[in-house]
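This is what each chain is made of:
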Amino acid sequence: MDTRERLIESTRELLWERGYVGTSPKAIQQRSGAGQGSMYHHFSGKPDLALAAIDRSAAELRQRAEAAFTGPGSAVERVAAYLRRERDALKGCPVGRLTQDPDVMADPGLRRPVEETFAWLTGRIAELLEEGRAAGELDPALDPRVTATALVATLQGGYVLARAAGDAQVFATAVEGALSMLTR
């Protein structure tokens with residue numbers, strides 16, 4: 001892995017663990033093993049590097065989600081596969097956690113990939129729910145967009161509840177509760 005990649009990956013990890021304020025250039029350099037000169041050779045500063053890291057986290061979230069969304073099974077099974085996929089529930093969502101970071105949310109450039117990722121995710125789930133509704137898997141009265149928004153909110157809230165309880169099972173319970181509402 002080259003220096004630029006080490007810088008991005010180290011920043012991703014630090015943002016996830018510590019947030020934007022806690023992700024100092026010194027911490028990035030220590031974690032990545034890169035010197036200050038290398039950091040500023042590849043990035044104009046911390047905001048530029050943070051944006052690259054957030055973009056990478058957002059792209060990874062989309063890639064993992066899309067793998068489940070285009071996998072085998074019915075539309076509902078594919079949504080369920082995404083919701084049930086393996087996650088570190090106690091660590092939280094690397095993109096969702098950024099919404100709790102006032103510095104990220106106050107910066108339109110850093111906020112953009114977070115907003116776009118959740119809009120994309122909600123839209124993709126809504127498409128699958130529409131597909132499931134059209135195939136007769138779901139109640140014809142189900143509103144795909146509203147339901148997709150609720151499912152994304154359940155995921156993010158499940159992370160919060162699991163972290164608060166110190167128990168990953170709380171996340172799994174939230175997911176199963178949401179899925180049970182789809183199939184009634």
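As shown above, the structure is provided for reference.
1. Concerning the packing of helix H5 (residues 75-84) against helix H7 (residues 108-134)
So, step 1. In the contact formed by H5 and H7, the axes pass within 8 Å of each other and the chain directions differ by 150°. Between H5 and H7, the angle falls in the class roughly antiparallel. Contacts between H5 and H7 involve Ala75, Arg78, Val79 and Tyr82 from the former and Leu121, Ile125, Leu128, Leu129, Glu131 and Gly132 from the latter.
So, step 2. Its residues assigned to classes, the contact of H5 with H7 shows 7 nonpolar, 1 polar and 2 charged.

2. Some remarks on empty space enclosed by the protein
Space left empty within the atom packing is revealed by a probe, the size of a water molecule, rolled over the atoms.
So, step 1. Counting across every chain of the model gives 1 cavity of 30 Å³ or more.
So, step 2. Approximately 40 Å³ is the volume found for the largest cavity.
So, step 3. As for the largest cavity, its lining consists of Arg12, Leu15, Trp16, Ala53, Ile54, Ser57, Pro94 and Leu98.
So, step 4. For the lining of the largest cavity, a count of residues per class yields 6 nonpolar, 1 polar and 1 charged.

3. Here's the deal with the side chain of threonine 117
So, step 1. If you trace the backbone, threonine 117 turns up in helix H7.
So, step 2. Once you skip the residues sitting within four places of it in the chain, threonine 117 turns out to touch Ala58, Leu61, Arg62 and Val95.

What counts and how
- Residues numbered from 1 in each chain as written.
- Predicted model: local features only at pLDDT ≥ 70, side-chain atom pairs only at ≥ 80, totals over all residues.
- Heavy atoms only, no water.
- Axes fitted to C-alpha atoms, helices over the stretch in contact; angles between N-to-C directions.
- Helix = DSSP H or I, 4+ residues; strand = E, 2+ residues; numbered from the N terminus.
- Parallel < 35°, antiparallel > 145°, perpendicular 65-115°, else oblique.
- Contact = heavy atoms within 4.5 Å.
- Nonpolar A, V, L, I, M, F, W, Y, C, P; charged D, E, K, R; others polar.
- 1 Å grid on protein atoms, 1.4 Å probe; cavity = no way out; pocket = protein on both sides within 12 Å on 5 of 7 lines; lining within 4 Å.
- Points joined across faces, edges and corners; volume = space filled by probe spheres on them.

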